[in-house]
Amino acid sequence: MDAKIVKWRLNPGGKDGQMKREELYRAGLGYIEKLKDEGENVLDVQETENEFTIILEDK
Amino acid sequence: MSEPIIFDKFYLGEGKSESDLNGFDKLTNADIHTTFGKVQCQLVGSLDNHTTVDESTVTCEDRSGQVYFFSSESGKIWKRTAGGTFSLVNTNTNGAHQGAKYFNGNLYYASQYKLGKFDGSTWSDSFATFSNNSLYHPMIEMNLSLFIGDSTYIAAVDSAGTFSANSLDIPTGAAASCFAMAGNDILIGTYTGTTTMRNTAYLWDTYSSSWTIEDEVYEVGFNCFIQLDNGIAAQCGLAGRIYIWNGSRFDKWKKIRGVTTGTGYQRSTVFNGKALFVVGDKVYSIHRTENDLPLAITQEYTSTTDPTYALAVSNAQLFMASTAGVDKIGTDYATATIDTPEVTGNYQNVIVNYDSLPTGTSIGISTKIDGATAWTAQTAITDTINKRVYFDGGLGDVNFLQARITLTPSGASTPIITSIIFQ
């Protein structure tokens, strides 16, 4: 099975008004759910301090 | 009688008002740059294809001279070969397009929800999924990555082909509407909505988690950036206002008078070293031929269809994508008009000195007295010995005089004039 990677940044921006890490984290989880809802096969999600690495089946 | 007044600084382009003597009231299809100090007709906008391509599009060109047109009304994608043949090459199952860019050997194209990719053999309409489903997906290549606007996120594709859905987030509410290169950084222009009269541009180095500088303009959005020679301008708002980037702020700069402007990140391009910007069916240039001259605005080309939303350059050709199809620059000339400023004084004649008046071409003179609403065509007399065109005087009492000079070409021949004199 071929795979492709999508990244989601978790490190927050430094300016006021930008999303904080908790918000980015929640939004990232929402994005992963969206990918699933749209038919993507999410094979794995790897989390580091800076980002989610979402591994999808490359259909 | 008033002292004669001479208009010969065509390189100044359009002035700031109808009565600004440091420029012309209006220049239409006018080439003020080819021969310094003179003005001639510009080449005509002509049909390239209005049958295969029959919808408004966004465009991008690859490195081999092929230009792709992506419908902003449907999922259709057309290719124009370097030889000029159009064909439908794909229909995006995700619908209409908002942006496209050739990057790293692949063609990327954005519909509202998905980023598509064409690697030269396979069309992958759902290569990646946007997080925000923005109606604006401008794209720019910078620092070995492709950046794509997605509302409050800037998505990216890196050189390995990995998609990042949120390389940068900007404050909620506005959408990234256009990008420009600013040194090693990118400028991100935003648009909020028709009722929001204040929008912000962000300068971002493309890898930090936040931007470096931000600046507001009190306009309804950044419509597009215009790449000047070592400078960046931004066309903002509804009334043709242009701002210039001074490295940290946008300064109010120029205004294209009498136009209504709107969003569209592909409304500008650079063609033969000239920055071009399209509004309606009119393509304006912001250009100077030498560094010590002022940047001049003139209306150079006219597409066959209003509105035209996107410009592209490939194979030394300018393409204008409109609701009806694709236009290009023809080989014949278009009829040009030069409207002088309105001048105070009891002037009785207008003399046009010319450099060249080829067979079949002509120079016409119309006048407007005391702010009349309509132009009055005068019977022009051509003096081929002294190389000037004039009319028999007799305008009566004149308080304000304005003249329109019409340069009528003949095929690939154009009149060239050197000065306009009121006396």
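## Notes on the sheet that holds strand β5 (residues 43-49) of chain B
Residues and elements named next belong to chain B. Pairing in this open sheet of 4 strands is antiparallel, and the strands run β5-β32-β31-β30 from one edge to the other. Edge positions in the sheet fall to β5 and β30 (308-314), since each has one partner strand and no second. Across the sheet, the axes of successive neighbouring strands diverge by a mean angle of 35°, strand direction being ignored.

## Overview of the sheet that holds strand β12 (residues 114-118) of chain B
As a general point, the strands of a sheet are linked pairwise by backbone hydrogen bonds and lie either parallel or antiparallel. Residue and element names in this part refer to chain B. Judged by pairing direction, the sheet is antiparallel, and its 4 strands sit side by side in the order β10-β11-β12-β13 without closing on themselves. Each edge of the open sheet carries a strand with a single partner, namely β10 (97-103) and β13 (123-129). Averaged over all adjacent pairs, the angle separating strand axes in this sheet is 25°, with direction ignored. In this structure, β12 lies alongside β13, joined through 4 bridges in antiparallel fashion.

## Looking at the pairing of strand β26 (residues 268-271) of chain B
Residue and element names in this part refer to chain B. Pairing analysis gives 4 bridges linking β26 to strand β27 (residues 274-279), with the strands arranged antiparallel. Residue pairing across strands places phenylalanine 271 opposite lysine 274, the latter belonging to β27. Counting the residues that bridge the hairpin from β26 to β27 gives 2 residues, and of these asparagine 272 lies at a positive phi of roughly 50°.

## Digging into the domain arrangement of chain B
Residues and elements named next belong to chain B. Under the domain assignment used here, chain B contains domain 1 (5-42 + 336-422) and domain 2 (45-332). Each of domain 1 and domain 2 was reduced to a C-alpha centroid, and the two centroids are 36 Å apart. Contact residues are listed per partner, giving 16 residues for domain 1 and 13 residues for domain 2. Looking at the side of domain 1 that touches domain 2, the elements that each hand over two or more residues are β2 (26-28) and β3 (30-31). Taken together, the residues of the side of domain 1 that touches domain 2 sort by class into 8 nonpolar, 6 polar and 2 charged.

About the cut-offs
Residues numbered from 1 in each chain as written. Chains lettered and ligands numbered in written order. Predicted model: local features only at pLDDT ≥ 70, side-chain atom pairs only at ≥ 80, totals over all residues. Pairing = 2+ DSSP bridges. Helix = DSSP H or I, 4+ residues; strand = E, 2+ residues; numbered from the N terminus. Axes fitted to C-alpha atoms, helices over the stretch in contact; angles between N-to-C directions. Domains from an automatic or database assignment. Contact = placed C-beta atoms within 7 Å. Nonpolar A, V, L, I, M, F, W, Y, C, P; charged D, E, K, R; others polar.

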